[in-house]
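Fold and contact review
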Amino acid sequence: MTTILVTGGTGTLGRLVTARLRSDGHEVRVLSRHTPPYAVDLREGGPVLDAAVAGVDTIVHCATTARGGDERAAANLIAAARRAGVAHLLYISIVGVDRVPFGYYKAKLAVEHQLAESGLGWTVLRATQFHNLLVQLFQGLAEVPVMVLPAGVSDQPVEVAEVADRLAELAAGAPAGRVDDMGGPEVRTFESLARAFLGASGRRCAVVNVPLWGAAYRGFRAGGHLAPERAVGKGTFEDHLATRIRR
């Protein structure tokens, strides 16, 4: 068994990856901004980061923020991994980061490039959006009487626990470069997913599809964030709602 560091190890994905790796017998260290003994902001780096990676065989990089700084965080992590002689750095990315010109996606793609050029052994897994992210989105949109959705956009949500299992599997193996994408079992219109959420939660809300504008919207509408040929996930959105939503 190996020693593995999980960045963002207390987050939605990271905590599941951590639990799976530990159940498989690995020694796991958790790095997050507020959890000792490896409490560090990757965007700042420092001695705690060096201590976290010392003696580590593999890093699973789940830490991310939509508020910016992922590239700086990756640069600090890569530099620390080089100093410590880490053999494998595994990164979770998003399907479509190279096809949809969305700010957060551009940052994820830049981190992929940093890894490829790092000189380290690396693996990148791209997954479609998680079920729970859509639930959070719809919860916010349903706070008003009319739920406004982007017209013509579909999604292919995947269960986060399945992605965690795949990451744990990859972490136990050798660096593999960019591996096959991981998509949810169904490509569904946003309206279909929203109505499933409303039905499961018992909320009453009108649904309106509104055309938007801009290159990112065109990319999403064209399906750049989908992987229908890699619909390997098993759990459907309704499966997720049945276990997570209470009326």
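Look up a bit, the structure's there.
Residues numbered from 1 in each chain as written. Predicted model: local features only at pLDDT ≥ 70, side-chain atom pairs only at ≥ 80, totals over all residues. Heavy atoms only, no water.

Topic: the overall build of the chain
Scanning the chain for helices and strands turns up nine helices and 10 strands. In terms of C-alpha radius of gyration, the chain reaches 19 Å, essentially the compact-globule figure of 18 Å for 247 residues. The principal-axis extent of the C-alpha atoms belonging to the chain is close to 55 × 35 × 35 Å. When burial is assessed residue by residue, the chain has 51% of its 247 residues classed as buried. Counting only contacts in the chain whose residues sit at least 6 apart along the sequence, the fraction spanning at least 24 positions is 79%. For the chain, the accessible area works out to roughly 11300 Å², and carbon and sulfur atoms hold 53% of it. In the chain, the 27 positive side-chain charges and the 24 negative ones have mean positions that sit 5 Å from each other. (Helix = DSSP H or I, 4+ residues; strand = E, 2+ residues; numbered from the N terminus. Rg over C-alpha atoms; globule rule 2.2 N^0.38 Å. Buried < 20%, exposed > 50% of the residue type's maximum accessible area, 1.4 Å probe, protein only. Contact = heavy atoms within 4.5 Å. Areas by Shrake-Rupley, 256 points an atom, 1.4 Å probe, with all protein chains shown as cover. Lys, Arg positive; Asp, Glu negative; His and termini not counted. Charge placed at Lys NZ, Arg CZ, Asp CG, Glu CD.)

A short note on helix H1 (residues 14-23)
Within H1 the residues assigned to the buried category are Gly14, Val17, Thr18 and Leu21. Buried residues of H1, viewed axially, fall in a sector of 100°; they line one side. Looking at the buried positions of H1, the neighbouring elements they touch are strand E1 (3-7), strand E2 (27-31), strand E3 (58-61) and helix H6 (160-171). (Arc of directions from axis to C-beta.)

Here's the deal with the nonpolar core
One finds Phe138, Met147, Leu149, Phe197, Leu198, Phe237 and Leu241 to be the most contacted residues of the largest nonpolar core, which totals 26 residues. Within the residue set of this core, elements represented by two or more residues are helix H4 (103-116), helix H5 (131-141), strand E6 (146-150), helix H7 (190-201), helix H8 (215-221) and helix H9 (237-244). Considering every element that reaches this core, the biggest residue donor is H7, with six residues. If near-sequence neighbours (up to four positions away) are discounted, Leu198 is found in contact with Ala142, Met147, Arg203, Cys205 and Val207. (Core = buried A, V, L, I, M, F, W, Y, C linked by side-chain atoms within 4.5 Å.)

Side note on the sheet that holds strand E8 (residues 177-178)
Strand pairing in a sheet is mediated by backbone hydrogen bonds. Such pairs are either parallel or antiparallel. One open sheet holds the six strands; their spatial order is E2-E1-E3-E4-E5-E8, and the pairing between them is parallel. Strand pairing shows two members of the sheet lacking a second neighbour, E2 and E8, which therefore form its edges. Where strand E5 (residues 122-127) lies against E8, two bridges are found, and the strand directions are parallel. Bridge pairing in E8 places Val124 opposite Arg178. In this fold H4 packs onto strand E4 (88-94) and E5, with an angle of close to 160° to the strand it touches most, E4. (Pairing = 2+ DSSP bridges. Axes fitted to C-alpha atoms, helices over the stretch in contact; angles between N-to-C directions.)

Quick word on the packing of H5 against H7
Closest axis-to-axis distance for the H5/H7 pair is 10 Å, and the angle between their directions is 75°. Relative to H7, the element H5 is oriented roughly perpendicular. Every residue of H7 that contacts H5 at Leu134, Val135, Leu137, Phe138 and Gln139 is listed here: Phe190, Leu193, Ala194 and Phe197. For the contact of H5 with H7, the per-class residue count stands at eight nonpolar, one polar and no charged. (Parallel < 35°, antiparallel > 145°, perpendicular 65-115°, else oblique. Nonpolar A, V, L, I, M, F, W, Y, C, P; charged D, E, K, R; others polar.)

Some points on a nonpolar patch on the surface
A contiguous nonpolar patch, built from Val146, Val148 and Val208 and spanning about 200 Å² of accessible area, is present on the exposed surface. Along the polypeptide, Val146 turns up in strand E6. Residue classification places Val146 among the partly exposed positions, given a relative accessible area of 36%. (Patch = residues over 30% accessible without salt bridge, like charges linked within 9 Å, V, L, I, M, F, W, Y side chains within 5 Å. Salt bridge = Lys/Arg side-chain N within 4 Å of Asp/Glu carboxyl O.)

Points about the environment of Ala81
In this fold, Ala81 is placed in helix H3 (residues 70-84). Overall, the relative accessible area of 0% leaves Ala81 in the buried class. As for Ala81 and Leu120, which are separated by 39 residues in sequence, their C-alpha atoms are 8.1 Å apart. Once residues within four sequence positions are removed from consideration, Ala81 is found in contact with Ile59, Val86, Leu89 and Leu120.

Re the packing of aromatic side chains
The final tally for this structure, using the stated rule, is six aromatic pairs. Ring geometry for Phe138 against Phe237: centres 6.4 Å apart, planes inclined by 75°, an arrangement best described as edge-to-face. Within this pair, whereas Phe138 is found in helix H5, its partner Phe237 is found in helix H9, the two being separated by 99 residues in sequence. Taking relative accessible area as the criterion, Phe138 reaches 0% and is therefore assigned buried. Using a relative accessible area of 1% as the deciding quantity, one classes Phe237 as buried. (Phe/Tyr/Trp six-rings, centres within 6.5 Å; stacked < 30°, edge-to-face > 60°.)

Geometric descriptors of this kind do not, in isolation, establish any biological role.
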